[in-house]
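Read off the chains here:
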Amino acid sequence: MMTAPHSGSERPWRRRREEAFRWAFLTPALVFLLAYFGYPIVKNLMMSVQEYTTRTFYTGEAPFVGLANYATVVKSSVFSTAMANTVLFTVGSIAGQFTIGMALAVFFNKNFPLSGVMRSLMLLPWLLPMIVSSAVWKWMLDKDSGVINQILGIVGIENIPWLTSTDVALAAVIMVNIWLGVPFNMTILYSGLQDIPDDLYEAAALDGATGWRAFRHITWPLLRPVVSVVLILGVVYTLKVLDIILGLTEGGPSGSTQTLATQSYRLSFANFEFGQGAALGNILVLISLVFAIVYLRMTRSSAEE
Amino acid sequence: MFINARTSAGTRPARRPAINRRRALQGAALAAAVLPLAACAGRGGGKAAGEVTSLKVLDYYADEPDNQIFQQALEAAAEQVGVTIERESVSGTGLIQKVLQMSSSRTLPDLLMLDNPDLQQIAATGALAPLNDFGITADGFIEGFIGAGTYDGELYGMGPCANTLGLYYNQDLLDAAGVAVPTTWDELKATAKALTKDGVYGFAFCAKASYEGSWQFLPFFWSAGADETDIATAEAAAALQLLVDLVGEGSASQSVLNWGQGDLGEQFTSGKAAMIVNGPWMTNTFNDSGINWGVAEIPVPKAGDTAVSPLGGELWTVPLTGDQARQKKAAELLAVLLGEDSLLELNTSRYTIPTRQAADADYLAALPDMEPLVTAVNNGRSRTAQLGEAWPKTAEALYNAMQSALTGKATPLEALKTAKADFVS
């Protein structure tokens, strides 16, 4: 980034001034990052190696315990279930959100009457506060009086225990999360589609590539950068989903919808085990980080191509 | 302005008449600068003013009608001790986080309300003053509530209002089925079965994967003779078996696994549940619903057993703010709030239960229907009495065992054993 120190410039003072100027512009962003990004991360790392309890808030004393919190968290019987649930929840949510979002984006990319209005309506789930969405879905998914089972009843399907069966609950929670995530996927992919020039399709049509072939050979390759952004952001957002699960099931029944995020929240804010909560939170950050690195690698290699 | 006045006062004047005029001006300037400060200090009750004129109060009575009721009660008490109050109300779930933040920045209020099971955690931090220091004793208060307010042998909190769980029933549905209010577990099962028909469940309780679930399990758990020092016993398993049977026989919906107490209230007021476990905080809702309801004690294992229910309700504490005068004043205010008149007024207007047995007679004269809950509170136990600040872990183990047994993943005893191993030990 910086110019080489001995580049043979005749006026070094000018270069130095330019550099100082650059830093001056960077400072606000750096301060912001350190305060709102650096501090919490460092604090969370420190908390995870301390015995951090309610006492600590008043006395300020938090003895160093090394990796004991990590050991406790990983050895806990809840960990493996929460880990498996997190993977299923993330993969399931992303697969559903992306497929439906992509289909809708392609659908709305064709101009037809009222497409603008319909597209705005599709954004609705995104605009609702998550707590509201989860409360409404909880009513709708109720086994006995929920509207979904009543509709299914008309078709002759027996009441499904959406949120109260250990076999179905995770799928139900994923379904709600897909509903919530479709607008984001659709919007980003739609704007990506809008950037693809029409003449490419016209040229392809002349060569006989329409429909699925046009999608495979024009849309998909040109959309790839947008797709990777959507997927990586999707993974990071989904890993930390908390309110929907808490609102729908509180991690139940019998832990079948407990994820690393809900368990970390529970440890910190219900059990007051702040050290363990931070440890689990850091494990979650680490997983997100892996995806972020994969993403950076991907974008770098595609830029070099 | 203040600083300028002082520095210019240090400069040596040249002529006499000028001095006087200047002094006079400086005096005026000083007064103008200091007066608003003094006024501020007075309102905030700072140490400099010497006299305490205002107290900061924090509670979670943010919803009506509790908000108004407590505003009035606190204002009336404040008037008696000669202060005004600056009250802040936060949501129930936000209170503990707020208190922890305040204790780390040393900005705790003068009078702090806590939900009773949380007192242990906050008292353990060392942020609270023992109430005995201010002459407030536990004399005359019910045993269970004293237990909840006591940490490490010292009384840190006391409150005027208690609540507990009872069996709320729909009289019309009971009459239609020709059954009486159940008092034992066998009767509960039979009655619930008889009441279950036409889209109505006979019984509903909360077995949610949260502290709400454990709270609702406790009446069965304790009345069976089980104990939180060891949750994996035959008595505890019997209590859990009762709930498993009720769901298994179809007398209660499987949705109890996901219903909070608010959901139970909705099931009851919409006529979809004939009997539910709930508490006096629902009284207004039930009255407004037009349901012909009544309340009884939670059924016991067999006739003659005593129902032991968990005590709910809030405790008021005096945080160590470092200002003796303010702490003393806050304790005075608390003493008035706990006084007989205030206590009776608060409980009758909120349908909560008095924490002083001496007030029971007057209370029941005003609200005779509450008798079963008054009995339940007087026999009640606080959740933290045995385990103190270790209670949250056991509570987590209990709701996990409930969920595991009710979903059929394990038998009640196995579920309790696993939960004990996973969460408590």
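Bear in mind the structure is a predicted one, so any value in this text is a computation, not a measurement. (Residues numbered from 1 in each chain as written. Chains lettered and ligands numbered in written order. Predicted model: local features only at pLDDT ≥ 70, side-chain atom pairs only at ≥ 80, totals over all residues. Heavy atoms only, no water.)

Looking now at the packing of helix α9 (residues 211-223) of chain B against helix α17 (residues 391-406) of chain B. Residues and elements named next belong to chain B. At their nearest, the axes of α9 and α17 sit 8 Å apart, and the two run at 80° to each other. In this view, α9 runs roughly perpendicular relative to α17, as classed from their interaxial angle. Two secondary-structure elements touch here, α9 through Tyr 211, Gly 213, Ser 214, Phe 217, Leu 218 and Phe 221 and α17 through Trp 391, Pro 392, Ala 395, Glu 396, Leu 398, Tyr 399 and Met 402. (Axes fitted to C-alpha atoms, helices over the stretch in contact; angles between N-to-C directions. Helix = DSSP H or I, 4+ residues; strand = E, 2+ residues; numbered from the N terminus. Parallel < 35°, antiparallel > 145°, perpendicular 65-115°, else oblique. Contact = heavy atoms within 4.5 Å.)

Residue and element names in this part refer to chain B. In this structure, Thr 233 sits in the loop between α9 and α10 (234-248). Classification of Thr 233 as buried rests on a relative accessible area of 18%. In this structure, Thr 233 is in contact with Ala 226 and Leu 413, ignoring residues within four places of it in sequence. (Buried < 20%, exposed > 50% of the residue type's maximum accessible area, 1.4 Å probe, protein only.)

To continue, consider the sheet that holds strand β11 (residues 293-296) of chain B. All names here are of chain B. If you trace the four strands from one edge of the open sheet to the other, you get β9-β10-β8-β11, paired in mixed fashion. Of all strands in the sheet, those with a lone pairing partner are β9 (201-204) and β11, marking the two edges. The mean inter-strand angle of the sheet, taken between neighbouring strand axes irrespective of direction, is 20°. Looking at chain direction, strand β8 (residues 166-170) and strand β10 (residues 273-278) are connected through four bridges and run antiparallel. The residue of β10 that forms the bridge with Tyr 168 is Ile 276. (Pairing = 2+ DSSP bridges.)

Bringing the packing of aromatic side chains into the picture now. To describe a pair of aromatic rings, one takes the distance between the centres and the angle between the planes. Counting across every chain of the model gives 30 aromatic pairs over all chains. On the numbers, 6.0 Å between centres and 65° between planes, the contact of B:Tyr211 with B:Tyr399 is edge-to-face. On the criterion of sequence distance, the pair formed by B:Tyr211 in helix α9 and B:Tyr399 in helix α17 is long-range, its members being 188 residues apart. For B:Tyr211, a relative accessible area of 31% translates into the label partly exposed. Its relative accessible area of 2% is what places B:Tyr399 among the buried residues. Counting every residue linked through ring pairs, the aromatic cluster contains A:Tyr52, A:Phe57, A:Tyr265, A:Phe269, A:Phe272 and A:Phe274. When the ring centre of A:Tyr58 is taken as origin, the NZ or CZ atom of B:Arg106, which lies over that ring, is 4.2 Å away. (Phe/Tyr/Trp six-rings, centres within 6.5 Å; stacked < 30°, edge-to-face > 60°. Lys NZ or Arg CZ within 6 Å of the ring centre and 35° of its normal.)

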